[in-house]
Amino acid sequence: QNAQRDFLATVAEKSDGAALRGDYTDITADYVVQQNWAAYTPEEHALWRKLYQRQAELLPGRACDEFIESLNALNASEGIPDFEATSKALFAATGWTIVAVPGLIPELAFFTHLANRRFPVTVWLRKPEEFDYIVEPDVFHDYFGHVPLLFNPIFAHHIQEYGKGGLKAMGLGGLDQLARLYWYTIEFGLVQSPQGLRAYGAGILSSGGELTYCLEPSSSRHIALDVERCMRTLYKIDSYQETYFVIRDFQQLFDDTAPDFTPLYARIKQQEPLPANTLLPNEVELVQG
Ligand code: PHE
Ligand code: FE
C-alpha cells in the first residue's frame, strides 16, 4: 500500500500535479484490475473501429510481416477486444497472457509482469479529440501496438528477458539506460526486411503520423542498432523520433541484448548521454535523404 501511494505521488508530480489518468481504486497488489469489457460504450467501440481502420490501412509496406499476420489473426477490428479471449489464444501460442491495468504502473510491477510472461494492457480508451495524439498509453496503443508481436516466439522471449533485465537493472542503477533501449526498440524500432525498412515498435505502429514519417528518407536518422550506443541516447517523448535504430531481425535483438549489462551500465554512467539527433563519426545513415 505504501509503495502504491509513493507511485501515485511520483506520477502526479511528474505530470505537474495533473491527476493520474485511470482508476486505481480497485487494484490488486500487482496493479491488476478487471477489464470490465461490458462497460465499454458503443461510442468507445466506434472510436476503436476508427482508430483500427486508419492504422490498418497504413500497415502494408510499413509494418513488418510478423506484426500484420498476428494482428489479422486477432480479429480485433470490430471493437475493443475482450482481453480474456486474447489471453487464451496468446497463451496457446507463446505462453503469454495479457493482464488489465488501470494505466501506468510502477517499474517493479511492470518488470515483474513481463518476467512472468504477462503483458499489462491499459483498460481505458482515449477521447475522440485525442484521435491523433495521446501522451499516456491507452488500450489502443497497448493492445494494437504491443500484443500482436507477443505471438512471435523470439520477440515474446525477448520481452520476457527484458522484464528480468529490468528487475536486475533496478539493483544496478541502470534503469535510465534500459529505458532508452526499450524506447528505441520495443516502442520505436525499425527492422530491415528483404523488401525494405519496416516498423516493429509499438509506438510507431499505433501512431497515424509516425508510421508514415519514420520511413520517409528525408525524415530522421536511420542507423543500425548498437545496444550500448542506443542506451546512451536521449529520447523525445513529445515529438517524432530524431533517430531510428534498425535491426536485421528479432534474433539480432535477442542475441545483442543477451550479454550481462552490468559492465555496460557502469561504463555508460561515466559518459555524457548523447542528444537524440547524434550521428557519431563512425556511423553510417542507412537511408540517404
Ligand atoms: N542482458 C541484460 C542484462 O544482463 C538483460 C536484458 C535482456 C535487457 C533483454 C534487455 C533485453 O542485464
Ligand atoms: Fe508502449
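Note that this is a predicted model, so its numbers are computed, not measured.

Visitor: Requested: an account of the sheet that holds strand β3 (residues 190-193), with residues and values cited.
Guide: Strand order in the open sheet formed by four strands is β4-β3-β6-β5, and the pairing between neighbours is mixed. The open sheet is flanked by β4 (196-199) and β5 (221-224), the only strands paired with a single partner. Averaged over all neighbouring strand pairs, the angle between strand axes comes to 40 degrees, with direction disregarded. As judged from the four bridges shared by β3 and β4, these two strands associate in the antiparallel manner. Directly across from Leu190, in β4, lies its bridge partner Ala199.

Visitor: Can you break down the UniProt feature "binding site: Fe cation" (unreviewed entry) in the chain residue by residue, with the values?
Guide: Per the UniProt record, "binding site: Fe cation" (unreviewed entry) is annotated on His141, His146 and Glu187. The greatest C-alpha distance among the annotated residues, which extend across 47 residues, is 10.1 Å, indicating that they converge on a single site. By the secondary structure assignment, His141 is in helix α6 (residues 139-146). Using a count of 22 C-beta atoms within 10 Å as the deciding quantity, one classes His141 as buried. Ignoring sequence-local partners within four residues, the contact set of His141 consists of Ala202 and Ser206. On the secondary structure map, His146 appears in helix α6. Among all residues touching His146, those that are not within four sequence positions of it are Phe119 and Ala202.

Visitor: Break down the environment of Met170 for me, citing the residues and quoting the values.
Guide: Within the element layout of this structure, Met170 appears in helix α7 (residues 153-170). Linking Met170 and Tyr235, residues 65 residues apart in sequence, is a C-alpha distance of 20 Å. For Met170, the residues in contact, after removing those within four places along its chain, are Glu107, Leu108 and Leu175.

Visitor: Tell me about α6, and name the residues and values.
Guide: For α6, a buried count of eight out of eight residues is recorded, marking the element as mostly surrounded by other parts of the structure. Of the residues making up α6, those classed as buried are Val139, Phe140, His141, Asp142, Tyr143, Phe144, Gly145 and His146. Buried residues belonging to α6 abut α2 (42-58), β2 (118-122) and α9 (202-205).

Cut-offs applied
- In this numbering scheme, every chain counts its residues from 1 along its sequence in written order.
- Chain letters and ligand numbers both follow the written order, the letters beginning at A and the numbers at 1.
- The model is predicted, so local features are restricted to residues of pLDDT at least 70 and side-chain atom pairs to those at 80 or more, both for listing and for counting; the totals for chains, interfaces and linings are taken over all residues.
- Note: two strands are recorded as paired if DSSP finds a minimum of 2 bridges between them.
- Helical segments are the DSSP runs of H or I of at least four residues, strand segments are the runs of E of at least two, and each set is numbered from the N terminus.
- Think of each axis as a best-fit line through the C-alpha atoms, taken over the contacting stretch in the case of a helix, with angles from 0 to 180 degrees between the N-to-C directions.
- UniProt positions are given in the numbering used here, feature names are shortened, and annotations may be inferred rather than shown by experiment.
- Field definition: a residue is buried when 20 or more other C-beta atoms are found within 10 Å of its C-beta, exposed when 12 or fewer are, and partly exposed for counts in between, with C-beta atoms placed from the backbone.
- Residues are scored as being in contact if the C-beta atoms we place from backbone atoms lie within 7 Å.

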